[in-house]
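Read off the chains here:
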2 protein chains.
Amino acid sequence: MGRHREFDVEKALDAALCVFWRKGYEGASYADLTEATGVERPALYSAFGNKEALFRQVLDRYYERYVDYIPKALEMPTSREVAAYMMSGAIDLNTRYPTHTGCLAINGVLAGSDEAEPVRQALIDSRAVAEIQLRERFERAKAEGDLPETAKPAALAAFLLAVLHGMAVQAKAGFSRDMLEAVAEQALSTWPSKSS
Amino acid sequence: MGRHREFDVEKALDAALCVFWRKGYEGASYADLTEATGVERPALYSAFGNKEALFRQVLDRYYERYVDYIPKALEMPTSREVAAYMMSGAIDLNTRYPTHTGCLAINGVLAGSDEAEPVRQALIDSRAVAEIQLRERFERAKAEGDLPETAKPAALAAFLLAVLHGMAVQAKAGFSRDMLEAVAEQALSTWPSKSS
DNA sequence: GTTTTTTCGTAACGATCGTTACAGTAACGA
DNA sequence: TCGTTACTGTAACGATCGTTACGAAAAAAC
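Asks: Before we go on, may I ask you to explain the overall build of chain A in this structure?
Replies: Regarding its fold elements, chain A presents ten helices and zero strands. Listing each helix as α and each strand as β along chain A from the N terminus yields α-α-α-α-α-α-α-α-α-α. Expected size for 196 residues packed as a compact globule is a radius of gyration near 16 Å; at 21 Å, chain A overshoots this value by more than 25%. Overall size of chain A, expressed as C-alpha extent along the three principal axes, is 80 × 45 × 30 Å. Buried residues in chain A amount to 53% of all 196 residues. Counting contacts in chain A only where the partners sit at least 6 residues apart, residues at least 24 apart contribute 58% of the total. Side-chain charges of chain A comprise 23 positive and 28 negative groups, with the mean position of each set lying 0 Å from the other.

Now the structure itself:
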């Protein structure tokens, strides 16, 4: 009994998902959410509860509808194919939508409000400096014969920075030093050696 | 001429650095900053300018005084030692202080205010699920002979997730799909193969 | 048709955000 | 000693944050 809901709950969740994906949890305001969903604040509260509750429902939906490659990856015949499928799935998801790049789960704590955009850009720029330094160093290594002719300095620099970024995220998540050292060891085990 | 500054600018910058390291850029409020530095708001503004300007000075100080292993790493004789030194330096910095783990530059956009802590924990938990799934899958691979006896499933799962997290950060920073695929290829090149 | 129940939108809540007048105070030059 | 200059802290600014009373509106129940 009673009045019917006038908006589509599924569509509203999808719109909220895009907002959180682009702006992160704290960076997404109710002004953003009402604009994207076309639903006024009290209606969002009565349908989904808190902002935190809304985000958790969005997160569940994200894993269910977007990160669907994980179960498929786990069914691959070999561990190497599992890893390859995981990575290609993540790459596809992280670059599929130009308006909300990256991963919602990471962006949830990595992105922020529009006012902080200059700071975010400054952090990105400062890491780009490190990448250039590494690439140039690896180009030198290639010229010196330390790296084989087939080595790609830019890819090596990007890979090393990816591992460093990933470890920084894991450290923030509470990973122990031993665990991080095991990650570094694994990363190093693939490092190309001199051809001589 | 005029009255002298009563607080130590260097000490105040260090205190602000710790706050930004722990809470990120947007998560750090002036209430936090005045409490940590012992300096009232207007004094911080007159000494450092904006919140954004303060953060940029903190970031410069961070690279100068904490991320001092990068120039040393670049001087290592081989590219492999460069990578190894970079990683061990990062690991040490990321786990040195229990009160502010991770990297300030990453935390600057990854951490947030105290109110968002439950959401952050939820995101961490959801990724922990993926790690467990991967570890169990790699344990199975080891039992099946797909992975050699020397392989460490937990380390492989942590490594794969580190690369995935790092790629998510890079995608948010605007990395192209081709660049991410090169990163994945490099990560895969070190994957342990079956012993047969 | 009347009552009941649920949803809708306006409008406001208190709190906190980053920022800044402004008055009081201390150190310098003259 | 006086005037100038710069720093100190109180206190408040307007804006925005997440959240919610509350009355109008609409659909089911009787």
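Asks: I keep staring at the protein's contact with DNA strand D and nothing clicks. Help me out?
Replies: DNA strand D sits among 22 residues. The nearest are A:H4, A:Y45, A:N50, A:K51 and B:E6. Considering the 4 Å shell around the protein, atoms of DNA strand D inside it are sugar or phosphate in 71% of instances. One of the side-chain N or O atoms of A:R3 is found 3.2 Å from a base nitrogen in DNA strand D. B:R3 is positioned with one of its side-chain polar atoms (N or O) 3.2 Å from a base oxygen of DNA strand D. Secondary structure elements with two or more residues in the surface near DNA strand D: α3 (41–48) of chain A together with α3 (41–48) of chain B. The element contributing the most residues to the surface near DNA strand D is α3(A), with three residues.

Asks: How should I be thinking about the protein's contact with DNA strand C in this particular structure?
Replies: Near DNA strand C lie 21 residues; those nearest to it are A:E6, B:H4, B:Y45, B:N50 and B:K51. Of what DNA strand C places within 4 Å of the protein, 69% of the atoms are sugar or phosphate. B:Y30 is positioned with one of its backbone polar atoms (N or O) 3.1 Å from a phosphate oxygen of DNA strand C. For the surface near DNA strand C, the elements supplying multiple residues, two or more each, are α3 of chain A together with α3 of chain B. For the surface near DNA strand C, the class distribution of residues is eight nonpolar, six polar and seven charged.

Asks: Please explain the interface of chain B and chain A as it appears in this structure.
Replies: When the parts come together, some accessible area is lost, and that loss is often what is quoted as the size of the interface. Taken together, the contact pairs 93 residues of chain B with 93 residues of chain A. Carbon and sulfur atoms supply 69% of the area that chain B and chain A bury against each other, a total of about 8300 Å² over both sides. By the criterion of area lost to chain A, the three top residues of chain B are B:M87, B:V109 and B:K172, representing 9% of everything that side buries. Among the salt bridges present, the one from B:K152 reaches A:E185, with a minimum N-O distance of 3.5 Å. Within the residue set of the side of chain B that touches chain A, elements represented by two or more residues are α1 (9–27), α4 (51–65), α5 (69–74), α6 (79–96), α7 (104–110), α8 (117–144), α9 (153–172) and α10 (177–188) of chain B.

Asks: Which parts of the structure should I look at to understand the relation of the copies chain B and chain A?
Replies: Put simply, the second copy of the chain is the first one after a rotation about an axis and a shift along it. Laying chain B over chain A is done by rotating through 180 degrees and shifting 0.0 Å along the axis; what remains is an RMSD of 0.0 Å. The symmetry that links the two subunits is that of a two-fold axis. Looking at chain B, 100% of its interface residues are interface residues in chain A too, so the copies touch through the same face.

Asks: What is the right way to read the packing of aromatic side chains from this model?
Replies: Geometry of an aromatic ring pair is reported as the spacing of the ring centres plus the angle between the planes. Residues and elements named next belong to chain B. Summed over the entire model, instances satisfying the criterion amount to 23 aromatic pairs over all chains. Plain terms: the ring middles of F20 and Y25 are 6.2 Å apart, the flat faces sit at 20 degrees to each other, and that makes the pair stacked. The burial state of F20 is the same as that of Y25; both residues are buried. Centroid distance W21 to Y97: 5.5 Å. Interplanar angle 75 degrees. Geometry classified as edge-to-face. Here Y97 lies in the loop between α6 and α7 and W21 lies in helix α1, a separation of 76 residues in the sequence. Judged by its relative accessible area of 0%, W21 is buried.

Asks: Just to check I follow, could you spell out the packing of helix α6 (residues 79–96) of chain A against α8(B) for this structure?
Replies: Where α6(A) meets α8(B), the closest approach of the two axes is 9 Å, and the angle between their N-to-C directions is 155 degrees. With respect to each other, α6(A) and α8(B) are oriented roughly antiparallel. Contact residues: α6(A) offers A:S79, A:V82 and A:M86, while α8(B) offers B:L134, B:R137, B:F138 and B:A141. Of the residues belonging to the contact of α6(A) with α8(B), the class tally is five nonpolar, one polar and one charged.

Asks: Is there a simple way to think about the side chain of A:T37 in this case?
Replies: Residues and elements named next belong to chain A. Looking at the secondary structure, you find T37 in helix α2 (residues 30–37). Within polar-contact distance, the side chain of T37 engages the backbone nitrogen of V39 at 3.2 Å. Once residues lying within four places of it in the same chain are set aside, the contact partners of T37 are A12, A15, A16 and L44.

Scoring rules and cut-offs
- Residues numbered from 1 in each chain as written.
- Chains lettered and ligands numbered in written order.
- Predicted model: local features only at pLDDT ≥ 70, side-chain atom pairs only at ≥ 80, totals over all residues.
- Heavy atoms only, no water.
- Helix = DSSP H or I, 4+ residues; strand = E, 2+ residues; numbered from the N terminus.
- Rg over C-alpha atoms; globule rule 2.2 N^0.38 Å.
- Buried < 20%, exposed > 50% of the residue type's maximum accessible area, 1.4 Å probe, protein only.
- Contact = heavy atoms within 4.5 Å.
- Lys, Arg positive; Asp, Glu negative; His and termini not counted.
- Charge placed at Lys NZ, Arg CZ, Asp CG, Glu CD.
- Near = heavy atom within 4 Å.
- Polar contact = N/O pair within 3.5 Å; in protein donor to acceptor, adjacent residues only side chain to side chain.
- Nonpolar A, V, L, I, M, F, W, Y, C, P; charged D, E, K, R; others polar.
- Buried area = accessible area lost by both parts, 1.4 Å probe.
- Salt bridge = Lys/Arg side-chain N within 4 Å of Asp/Glu carboxyl O.
- Least-squares fit on C-alpha atoms with pLDDT ≥ 70 in both.
- Phe/Tyr/Trp six-rings, centres within 6.5 Å; stacked < 30°, edge-to-face > 60°.
- Axes fitted to C-alpha atoms, helices over the stretch in contact; angles between N-to-C directions.
- Parallel < 35°, antiparallel > 145°, perpendicular 65-115°, else oblique.

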